[in-house]
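# Understanding the architecture of this molecule
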Protein chains: 2
Amino acid sequence: MKYSIRKKELEVIISLFNSLSKVKNFNELLEIIIDSSRILANCDGGTIYIKNDEDMLEFAHSKSYFLSSKYSEEVVQEIFKPFQLNIDENSIAGYCALTKKIINISDIQKFGNLVQFKYNDYWDKKYGYNTISILTVPLINNQNDLIGVLQLINAKDKETGKISYFSPRVEYIIDMISKQSAIAIYNFQLTNKLYVSQVETILKLGIASEYKDKETYNHLRRMSEYSKLLAYKIKGSNSYAENVRLASMMHDIGKIGVPDSILLKPAGLDQNEKKTMQKHTIYGAMILKDSEAFVLQLAARIALTHHEKWDGTGYPLGLKGEAIPLEGRIVALADVFDALSSKRVYKEAMTIDECKSFLLNEKGKHFDPNLVDIFIEMLPEVLEIRDRYLSDENISPEIFSIGDIIVDLSSI
Amino acid sequence: MKYSIRKKELEVIISLFNSLSKVKNFNELLEIIIDSSRILANCDGGTIYIKNDEDMLEFAHSKSYFLSSKYSEEVVQEIFKPFQLNIDENSIAGYCALTKKIINISDIQKFGNLVQFKYNDYWDKKYGYNTISILTVPLINNQNDLIGVLQLINAKDKETGKISYFSPRVEYIIDMISKQSAIAIYNFQLTNKLYVSQVETILKLGIASEYKDKETYNHLRRMSEYSKLLAYKIKGSNSYAENVRLASMMHDIGKIGVPDSILLKPAGLDQNEKKTMQKHTIYGAMILKDSEAFVLQLAARIALTHHEKWDGTGYPLGLKGEAIPLEGRIVALADVFDALSSKRVYKEAMTIDECKSFLLNEKGKHFDPNLVDIFIEMLPEVLEIRDRYLSDENISPEIFSIGDIIVDLSSI
C-alpha cells in the first residue's frame, strides 16, 4: 500500500465493502458509495454518473451537505434533476469517461481555462454554490469497461474546515474504493439485466404456447399470479413462489405439438381427438425436461401434470393425491379458476359465487382439498389480481422499428 | 471495531475483498477465500463446504501446507476427494451448519469427547496428520441463509511456530471476512444459475419453434454457433457474439403461427400458401418484440429479417443492403448454409465445395458480400462446429421422473 490508512478510514472502507454486495436497490447502492466517498475525502458533495446503453453519461445520484442545508428537500430534488452528458471533452465528467483517467483539480476558478474540457458554472451561479476543488474518478469494472464516473466536490481542510484541494492520499483512497464500487454497480446491472431477460424470455415462451388458440397475455398473467399466491401460502418462500409463477406460464407449451385440426376445433372432439389433444402435456414435458435450471424443472413437472386430478381420474398418468407434484396441483386449480371466471368469445364468465361452488364441489375430486380451502380463503387477493389484469384486448399497436425504419406489422 | 487490525492484515483483507467480486471461476473464488483466511489466521489448513440443492454440505475446496509439503500433487488430490456431509451433529462442519454458530476448538484431542458432535480422525490416522485446533465458521449470506462452512485447522503460534489455538482476535477477523465471502459465493451461484436458466429457456423456445417440422437440436446448435462466429468476426465483442448466438435460436418461433396445412406440406406451395408461410417472420417479431432485454430485441430483429436478401428481393419487407440489420444478414447466411450442408429426410447434404460455390454465387444477391467473404475465410472453424453437432438423431431416451415415479414419455 502506498499510503497508510487510518483506523477510522478502515472502518468506513470495510463497512462500504460490506454494504456493496448487500444492497438490494440501485439508488441505495449509489448513495452508499457517495456517502462513504464523502467521509473518506472529507468533502461537500458527490455525484455518480452511469453510462447508459446509448453510451451517454447519465446523472444518477448526487448529494451535497451545502445544498441540503441551504435548500428544502424539494429544491434539492429539483437541482438534481436527471440529465445526460456526452462522453467527450465538453465536460469534466465526460472527459474523465473518455480518457478513463482521474482528474484532480485543486481550483477550478484558477485552472478552469487552462484545461482541455469546459467547465459549466451554470449551477454555481443559479444556486450560490462556489465550486473550487473537483476530484473526478472513472468507475471501471474488471474487464476495463467504463461503468460510470464518480465526482467529488470541495474537499475541506481538516483543521480549518475551509475548502481545500483533494490530496494525493485522498485520491489514492478514492481510487481504491472506486474499483470495488464500479464492480458492485456492474454486478448489480448484470444481475438485473439477466433477471429481466430471463423473465421476459419465459413470458415469450408462454405467449408462443397460446399463440394459435388466441389465449391472451392477461390469462397468462392472472393464472401465473394465482399460482404464485398459492405457492407462497403453502411454502412461505418468496423465491419458490416466484419460480412457480414463472414456470406456470409455460404449462401449455406442448400445445404447439397438437395438430391444428384438433387444437382449433371449436367443439366436440371425439375420443381419439381428445387423446391427441391430451398429449400436449407430454409434448410440454418433452420440450422442457432435462434442464439444470430449477424454474425449467418446475415447468416440465407442471406441463406434464397440470391435468391430473386429485382422485386419479386425470391425464396423462392418472396420478392420485400427493403423487401429483404440488406445482401441478397448484396450476390445475389456478388455470381452471381463471377459465371459469373469465369471459371468452364462446362463453360468459361465471360469477365468483358460482366459481366458489364449483371449486368446493370439486374439492377432493378434481382438486387438492387443502389447496381449495387456501384458495377460497385468499379470494380477496385473487380478485384483486383478476381486476388488475381484466382486459383481454391487445392494446399495443403492432409497431416495430429497425433503425430508422418503422414497420406496422399488422399491415404487412 | 472490537479489535485493532494491523496494516499487513488490512492489506490481505482489502486484497481479498477486491478479489471476491472479480473472479470468474468458482474454484478460484474458494481458493482466494481459503488462502486469505490461512494468512489472517496463521494456520495450516482450510476447507470450504458448500450447501448443495439437496441440503447437504459438499466438500468443495481444501488446502494444507503440511499435506502439500509431505505428499505429491496427485496424493493431495486423492486426499481431497469430494464427499458430502449431513447437516447434523455427526460432524463439526455439519453441526456448525446446523446451528449457524462459530465453533472454536483449541484442542480436539482433549475436548473431542466432551462435545455434542463427533470428531472423525480417519484422515489424521491415514495421512499422519495431527489435528489439534479447529475453527469452524458458518458462511451466511445477507438473507441469513446458510451458504456453506469454512473450516480452518491448526493455528500456529507466531513466535514459536508451534500449533496453538485460534485466538478470539483471529476468530473476530475470520468472522468478518466470512460474511463478505459468503455473499460473494452466493452472488456467484445466483448469477450462474440465472445465466444457465436464461440460456436453457432460450434453447427451449428454439426447440418449441422447430417442434412440428422436426428440425433438430443440432440444427439449432450449428446455425447459432455459425452466427456467433460471424458476429464475433465482425464486431470483436464476445458478449455481443454470445447474444447473437442465443437470439438466433429463436429466429423461427413465428412458425408456430403458421397453419399445419402449409407448414407441414411436403412440397409445392402455391403463391397464396407461400405468402402465408412467409408470415412466420412477422409472427416471430410480434411474439418477441417490445422487450427490455437486449437478447430479445436482437431476436425480434432476427425473426423479422432473416429472410431479407441483400439485393432487396427478400421478404417480408424487401429491405436492401445495410438497411437489413446486421444480425438478420448473419442469420440468413448461417441458416441457409446449415440447410445446404446438412442431410435432411428428403435430400442429401451438399458437399462443402458445392456450398462454397453456392455462397459465392449468391454474394451480393442473397447475402451480404462482406459476410460471404468472412464466412468462407472461417470455413475450417465452421466445419469443426458442423462435425461437433453432426448427428441428427435424438439420443436421449424420453425418460422423466416425478419423485420416485419414472415415466417413459414416448410410451404414453
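The written sequence of each chain sets the order in which its residues are numbered from 1. All chains are assigned letters beginning with A, and all ligands numbers beginning with 1, in the order in which they are written. Since the coordinates come from a predicted model, pLDDT governs what is reported: local features require at least 70, and pairs of side-chain atoms require 80 or more to be given and counted, while whole-chain, interface and lining totals use all residues. Note that the side-chain values use all heavy atoms of the structure and ignore hydrogens as well as water.

## A few points about the overall build of chain A
To keep it simple, the criterion reads: Each helix corresponds to a stretch of at least 4 residues labelled H or I by DSSP, and each strand to a stretch of at least 2 residues labelled E; elements are numbered beginning at the N terminus. The quantity called the radius of gyration is restricted to C-alpha atoms. Its globule counterpart is 2.2 Å times the number of residues to the power 0.38. Note on exposure labels: buried denotes an accessible area under 20% of the residue type's maximum, exposed denotes more than 50%, and partly exposed covers the range between, all computed with a 1.4 Å probe on protein chains only.
Secondary structure assignment for chain A yields 18 helices and nine strands. Over its C-alpha atoms chain A spans a radius of gyration of 29 Å, topping by over 25% the 22 Å that the globule rule assigns to 412 residues. Along the first, second and third principal axes, the C-alpha set of chain A runs to 90 × 55 × 40 Å. In chain A, buried positions account for 53% of the 412 residues.

## Some remarks on the interface of chain A and chain B
Formally: The contact rule is simple, with two residues in contact once any of their heavy atoms fall within 4.5 Å. Here the buried area means the combined drop in accessible surface, using a 1.4 Å probe, for two parts upon being joined, counting both sides. When a carboxyl oxygen of Asp or Glu is within 4 Å of a side-chain nitrogen of Lys or Arg, the pair counts as a salt bridge. In protein, a polar contact means a hydrogen-donor-capable atom and an acceptor-capable atom, both N or O and within 3.5 Å, with residues adjacent in sequence counting only if both atoms are side-chain atoms; elsewhere, any N or O pair within 3.5 Å suffices. Residue polarity follows a fixed list, in which Ala, Val, Leu, Ile, Met, Phe, Trp, Tyr, Cys and Pro are nonpolar, Asp, Glu, Lys and Arg are charged, and the others, Gly among them, are polar.
Tallying the contact residues gives 73 residues for chain A and 73 residues for chain B. With both chains or domains summed, chain A and chain B bury close to 6,600 Å², and 69% of this area falls on carbon and sulfur atoms. Across the contact surface, chain A and chain B share zero salt bridges. Taken together, the connections running from chain A to chain B amount to 16 residue pairs in polar contact (both at pLDDT 80 or more). Put simply, the parts of the chain that give the side of chain A that touches chain B at least two residues each are α1 (7-20), α8 (168-209), α13 (280-288), α14 (294-305), β8 (399-402) and β9 (405-408) of chain A. A per-element tally of the side of chain A that touches chain B places α8 of chain A first, with 16 residues. The residue makeup of the side of chain A that touches chain B, split by class, is 43 nonpolar, 16 polar and 14 charged.

## Details of the side chain of H280 of chain B
Its location among the elements puts H280 of chain B in helix α13 (residues 280-288). We classify H280 of chain B as buried; its relative accessible area is 2%.

## Points about the confidence of the model for chain A
Residue and element names in this part refer to chain A. Selection rule: Every residue carries a pLDDT, the predictor's confidence in it, which falls somewhere between 0 and 100.
Scored by pLDDT, chain A comes out at a mean of 89, with 94% of its residues at no less than 70. Element-level pLDDT for chain A is lowest in β8, with a mean of 71, against a maximum mean of 97 in helix α17 (residues 369-377). Interface confidence for the predicted complex, given as ipTM, is 0.77, next to a pTM of 0.79.

## Notes on the packing of helix α10 (residues 238-248) of chain A against α14 of chain A
All names here are of chain A. Selection rule: For every element, the axis is a line fit to its C-alpha atoms; helices are fit only across the contacting stretch, and the angle between N-to-C directions ranges from 0 to 180 degrees. By definition in this entry, angles of less than 35 degrees are roughly parallel, angles greater than 145 are roughly antiparallel, angles of 65 to 115 are roughly perpendicular, and the rest are oblique. Helix crossings fall into two classes, left-handed where the near helix is turned counterclockwise from the far one by less than a right angle and right-handed where it is turned clockwise.
Axis separation between α10 and α14 bottoms out at 8 Å; the angle between their running directions is 55°. With respect to their mutual orientation, α10 and α14 come out oblique. Crossing hand, α10 versus α14: right-handed. Along its contact with α10, which presents Y240, N243, V244, L246, A247 and S248, the element α14 presents F294, V295, L298, A299 and I302. Of the residues in the contact of α10 with α14, the class split is nine nonpolar, two polar and no charged.

## Re the relation of the copies chain A and chain B
Note the cut-off: Each copy is superposed on the other by least squares, with the fit set by C-alpha atoms of residues at a pLDDT of at least 70 in both.
For the pair chain A and chain B, the relating rotation is 180°, the translation along its axis is 0.0 Å, and the fit reaches an RMSD of 0.1 Å. Here the transformation between the copies is reduced to the relation of a two-fold axis. In terms of C-alpha distance to the rotation axis, chain A has Q198 of chain A as its closest residue, with the C-alpha 2.5 Å off the axis. In this assembly, 100% of the residues forming the interface of chain A have copies in chain B that are likewise at the interface, indicating an isologous arrangement.

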